[in-house]
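Here is what each chain is made of, one letter per residue.
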Amino acid sequence: SIIVSAGQDAVVNLGEASDSCDAWAVCVTYPLTLDADQVVYPEDVALVANGRYALVSIRGSSDLYVLDLEREAIDLIELSGEPSVLVDDPINDRTLVGYARKAVIDVIDHEYFEISSVPVDEPCTDGALTPAGALFYYRQGNAYKDVITVDAATGDWREQRAENPVVDLWTGTRFAVA
């Protein structure tokens, strides 16, 4: 389990004790800054690659922290802007990143953490994973009405236009309702 807070993240063992950590104990903490005067606020977290990595987006920053939970190491990826949503696709071993201020979806592979960008028609604030792909939409305000589906494996995308601005989105095994 990952506990996020201003300035640091902690990994907590929820369950059985292991060689490296007692049950229900804090196993390791990750300082998100080395400057005691700077406060860093985690915005979103995605556990990826069967729980080996935690991807942590930071409010007001284009940095994406990659916490290696096995080696207890931190790496940074420079994104193309401040992300608004992370959607993990474990089947394709990728994480998709949406932006509220840019009409692009970044696709990050979990092997080398390389980024490929998919230009789309509208920015997005929210997303969800479905069997058809990752869905992205803009929920803050009434400027946009698209629901964008992105295939993480191919980068192909298509848009559906809602009649009204999307307030929320619920997904099922065969459909999504906006």
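What comes next concerns the included structure. Here the structure is a predicted model, which means the values were calculated and not measured.

### Thoughts on unusual backbone geometry
For Ala49, which is not glycine, the phi dihedral falls at a positive 55°. Unlike most non-glycine residues, Phe113 shows phi in positive territory, near 55°. Here Phe113 shows up in the loop between strand S10 (104-109) and strand S11 (115-119). You can call Phe113 buried: its relative accessible area is 15%.

### Details of the pattern of salt bridges
One pass over the full model with this rule turns up eight salt bridges. Between Asp68 and Arg71 there is a salt bridge; the shortest N-O distance is 3.7 Å. As a salt-bridge pair, Arg161 and Glu122 come within 3.0 Å of each other at their nearest N and O atoms. Here the residue Arg161 occupies a position in strand S15 (residues 157-161), and Glu122 occupies one in the loop between S11 and strand S12 (126-130), the gap between them amounting to 39 residues. On the basis of relative accessible area, Arg161 is assigned to the exposed category, the value being 54%. The exposure class assigned to Glu122 is buried, which follows from its relative accessible area of 10%. One network of salt bridges, in which partners are shared, links Arg52, Asp68, Glu70 and Arg71.

### Looking at the sheet that holds strand S14 (residues 146-150)
In spatial order, the strands read S12-S13-S14-S15; together these four strands make up an open sheet with antiparallel pairing. Here the strands that pair on one side only, and so sit at the sheet edges, are S12 and S15. On average, each strand axis in the sheet is inclined to that of its neighbour by 20°, with strand direction left out of account. Where S14 and S15 come together, five bridges link them in antiparallel fashion. The residue of S15 that forms the bridge with Ile148 is Glu159.

Conventions used here
- The numbers attached to residues start from 1 for each chain and follow its sequence in the written order.
- The predicted nature of this model means local features are confined to residues of pLDDT at least 70 and side-chain atom pairs, given and counted, to a pLDDT of 80 or more, with totals for whole chains, interfaces and linings taken over all residues.
- Heavy atoms throughout the structure, all of them, feed into the side-chain values; hydrogens and water do not.
- Note on conventions: DSSP H or I runs of at least 4 residues are helices, E runs of at least 2 residues are strands, and numbering of each starts at the N terminus.
- Only protein chains enter the accessibility calculation, which uses a 1.4 Å probe; a residue is then buried when its area is under 20% of its type maximum, exposed when over 50%, and partly exposed in between.
- One speaks of a salt bridge when a side-chain nitrogen belonging to Lys or Arg is within 4 Å of a carboxyl oxygen belonging to Asp or Glu.
- In short, DSSP must find at least two bridges between two strands for them to pair.
- Axis angles are defined between N-to-C directions and span 0 to 180 degrees, where every axis is a line fitted to C-alpha atoms and, for a helix, only to the segment in contact.

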